[in-house]
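# Coordinate analysis (summary)
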Amino acid sequence: MNSKLYGNLIFELSKPGREGFSLPANEYGDYAVPEEMRRKDDAPLPECDEMTVVRHYTNHSGNNFGVNNGFYPLGSCTMKYNPVINEETANMAGFSDLHPLQPDCTSQGALAVYYHLQKSLAALTGLKEFTLNPFAGAHGELTGLMIIRSYHAERGDAKRTKVIVPDSAHGTNPASAAVCGLEVVEVRSTPEGVVDVEHLRTLLDDSIAGMMMTNPNTLGLFEPQIPEIAKMVHACGGLMYYDGANLNPMLGVSRPGDMGFDVMHINLHKTFSTPHGGGGPGSGPVGVREGLEHLLPRPKVVLNDGVYSVERDDKSIAVGAYLGNFAVAVRAYTYILSLGREHIKEVGPLATLNANYIKERLKDVYELPIDTICKHEFVFNGLKDKSTGVTTMDVAKRLLDYGFHAPTIYFPLLFHEALMIEPTENESLDTIDSFIDVMRQIAKEAAEEPDTVKNAPLRTPIGRVDDVLAAKHPILTYWQLLADKADNA
Ligand SMILES: *Cc1c(COP(=O)(O)O)cnc(C)c1O
């Protein structure tokens, strides 16, 4: 790629007077824009020919890293392969050209997808009914907590203002609770990395609205005490919330509804294979057990006498104007149908096998703080040999040089050098073996030539960025960049 011709910024390629378009003659006459609404100067837009624009963006797109480029073991994110058939169905004109407000009788197919996806999720989780309205996992958490609040309000119980969240929880859990106006009470983990039931016992009283749990938790561990925990929380009058972002290893194997959970969300963009990253698109359906269905948000899709329709209710909670992120629902439903009842059961065990295989083959060189069988992911606490000064950040950056996406780093917060690896079920043994080889190679480099690792990445278009500076002093426009350069000159 000729970086001078196809430069970093489209503005740098601009030549005054260059055009990449020609507009047809105006057939409609001139309509003056009122003077006060007119800009004083021309918009400072780059001026380029069409071919320059096409090459500029095409070459930049090649710098993206996605699941289709290489291994992407980003823990907690379930970066699984997004089958092309999902895209084909989501792009069918009958789905993609709809308007959310067109009459139900003209969108029966789309409503059928919603309806049957709701039913499929209920069957897979053992809960009674689902809404597809929330737009992400965190939005699902908020919706679920609003349902828990409505449950207590309906019973006239205003005392319950607190929600219990484990110290290993994803950051969205306490954030959602706070947005919902609930106070967060943190329950500790045991040295084995699961909820400390004895500590939990001391937190339970009639101020508790409910408890949020993630299972397997963010360390990738199955929480063995769930039945007892659910009994304790229910006995004090609270409800059990299941953060289902980690549903992948459980698919078709065990169901939150059978474990005693009352409300849960699912991340369709994780477990059900919709591409995500860069902030979207997402979908966080929320399910409830029998007896709580009436508290789900409206609008919802119902089926009566073979006809699908959208039910609205002004008194229900509302979390979005329409029925959620429809294209994500189409992809997820396609994924469920293409795997079918027979194969969906294989997802969890394969994801679990892949994670355990990597863990066992690397634990002699990376520190494994909790050495037990994991589910779909696990956490190392940096390199085993701490004398080299090579950090988890360095290892993550060096992986980029070898063509792998880095795992999640410095989360969960329980370990200082956390490195969280989630391979998903899709990877072949060859890919996983080559990842293991590279991780071992990096450990060797850390011992023999630590500066190579500390200066990584050395082979990517951009080297190590200063995360803090980028956050504190963001430069978001070309004009800001020029001003900044002038200031520093
Ligand atoms: C990803 C994740 C969430 C949040 O989901 P978003 O769709 O990113 O809002 C919540 N909990 C856990 C455990 C997660 O991994």
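Cut-offs applied
Residues numbered from 1 in each chain as written. Predicted model: local features only at pLDDT ≥ 70, side-chain atom pairs only at ≥ 80, totals over all residues. Heavy atoms only, no water. Helix = DSSP H or I, 4+ residues; strand = E, 2+ residues; numbered from the N terminus. Rg over C-alpha atoms; globule rule 2.2 N^0.38 Å. Buried < 20%, exposed > 50% of the residue type's maximum accessible area, 1.4 Å probe, protein only. Contact = heavy atoms within 4.5 Å. Areas by Shrake-Rupley, 256 points an atom, 1.4 Å probe, with all protein chains shown as cover. Lys, Arg positive; Asp, Glu negative; His and termini not counted. Charge placed at Lys NZ, Arg CZ, Asp CG, Glu CD. Pairing = 2+ DSSP bridges. Axes fitted to C-alpha atoms, helices over the stretch in contact; angles between N-to-C directions. Phe/Tyr/Trp six-rings, centres within 6.5 Å; stacked < 30°, edge-to-face > 60°. Arc of directions from axis to C-beta. Near = heavy atom within 4 Å. Polar contact = N/O pair within 3.5 Å; in protein donor to acceptor, adjacent residues only side chain to side chain. Patch = residues over 30% accessible without salt bridge, like charges linked within 9 Å, V, L, I, M, F, W, Y side chains within 5 Å. Salt bridge = Lys/Arg side-chain N within 4 Å of Asp/Glu carboxyl O. Expected span 1.5 Å × (residues − 1).

Helix and strand counts for the protein chain come out as 16 helices and twelve strands. In terms of overall dimensions, the protein chain is globule-like: its C-alpha atoms have a radius of gyration of 26 Å, near the 23 Å expected for 489 residues. C-alpha atoms of the protein chain, sized along the principal axes, occupy 75 × 70 × 45 Å. Here the protein chain holds 489 residues, and 48% of them are scored as buried. For the protein chain, restricting intrachain contacts to residue pairs at least 6 apart in sequence, the fraction spanning at least 24 positions comes to 69%. As displayed, the protein chain offers around 24200 Å² of accessible surface, 55% of which is attributable to carbon and sulfur atoms. If you average the places of the 43 positive and of the 63 negative side-chain charges in the protein chain, the two averages end up 2 Å apart.

An order of β1-β7-β6-β5-β4-β2-β3 is seen for the seven strands of this open sheet, with the pairing classed as mixed. Both edges of this open sheet fall to β1 (129–131) and β3 (183–187), since each of them pairs with a single strand only. Going across the sheet, the axis of each strand differs from the next one's by a mean of 25°, ignoring polarity. Bridge count between strand β2 (residues 162–166) and strand β4 (residues 208–214): three bridges; the pairing is parallel. Note that in β4 the partner of K162 across the bridge is I208. Packed on one face of the sheet, helix α4 (residues 108–125) meets β1 and β6 (263–266) and runs near 130° to β1. Strands β2, β4, β5 (239–244), β6 and β7 (286–288) of the sheet are contacted by helix α5 (residues 137–154), whose axis makes an angle of about 170° with β5.

Ordered by their spatial adjacency, three strands build an open sheet running β10-β12-β11, and the pairing between neighbours is antiparallel. Only two strands of the sheet have a single neighbouring strand rather than two, namely β10 (378–381) and β11 (408–409). By the bridge criterion, two bridges tie β11 to strand β12 (residues 418–421) in an arrangement that is antiparallel. Bridge assignment links I409 to a residue of β12, and that residue is L419. Of the strands in this sheet, β10 and β12 touch helix α11 (residues 326–362), which is tilted by about 20° from β10.

On to the packing of aromatic side chains. By the definition in use, this model includes 14 aromatic pairs. Both rings, one in F11 and one in Y478, keep their centres 4.7 Å apart while their planes meet at 10°; by these two values the pair is stacked. With F11 in the segment before α1 (50–61) and Y478 in helix α16 (residues 478–488), this pair connects stretches of sequence that are 467 residues apart. When the centroid spacing of 5.0 Å and the interplanar angle of 70° are considered together, the rings of F71 and F435 count as edge-to-face. Of this pair, F71 sits in the loop between α1 and α2 (84–90) while F435 sits in helix α13 (residues 429–448), placing them 364 residues apart in sequence.

This next bit is on helix α6 (residues 172–179). Among all positions of α6, only N173, S176 and A177 are buried. What you see down the axis of α6 is that its buried residues fit within an arc of 100°, all on one side. At its buried positions, α6 is contacted by α5, β2, β3, β4 and β5. Just beyond α6, the residue with positive phi is G181, at close to 80°.

Time to look at the site of the ligand. As a matter of local geometry, the ligand sits amid 13 residues, with S76, G137, D243, H269 and K270 nearest to it. Within the contact set of the ligand, an oxygen atom lies 2.9 Å away from a side-chain nitrogen or oxygen of N267. Residue H269 places a side-chain N or O atom 2.7 Å away from an oxygen atom belonging to the ligand. Summarising the interface, the protein chains cover 87% of the accessible area of the ligand, which totals 380 Å² for the free molecule. Mapped onto the shell around the ligand, the elements with two or more residues apiece are α5 and α10 (268–271). Looking at which element gives the most residues to the shell around the ligand, the answer is α5, with three residues.

Moving on: a negative patch on the surface. On the surface, a cluster of negative charge is contributed by E19, D41, D42 and E47. Taking the relative accessible area as the measure of exposure, E47 reaches 32% and is therefore partly exposed.

This part covers α5. A rise of 1.5 Å per residue sets the reference length of α5, with its 18 residues, at 26 Å; its end C-alpha atoms lie 25 Å apart and thus fit the reference within 8%. Note on α5: the residue one or two positions beyond its end, G156, has a positive phi of about 70°.

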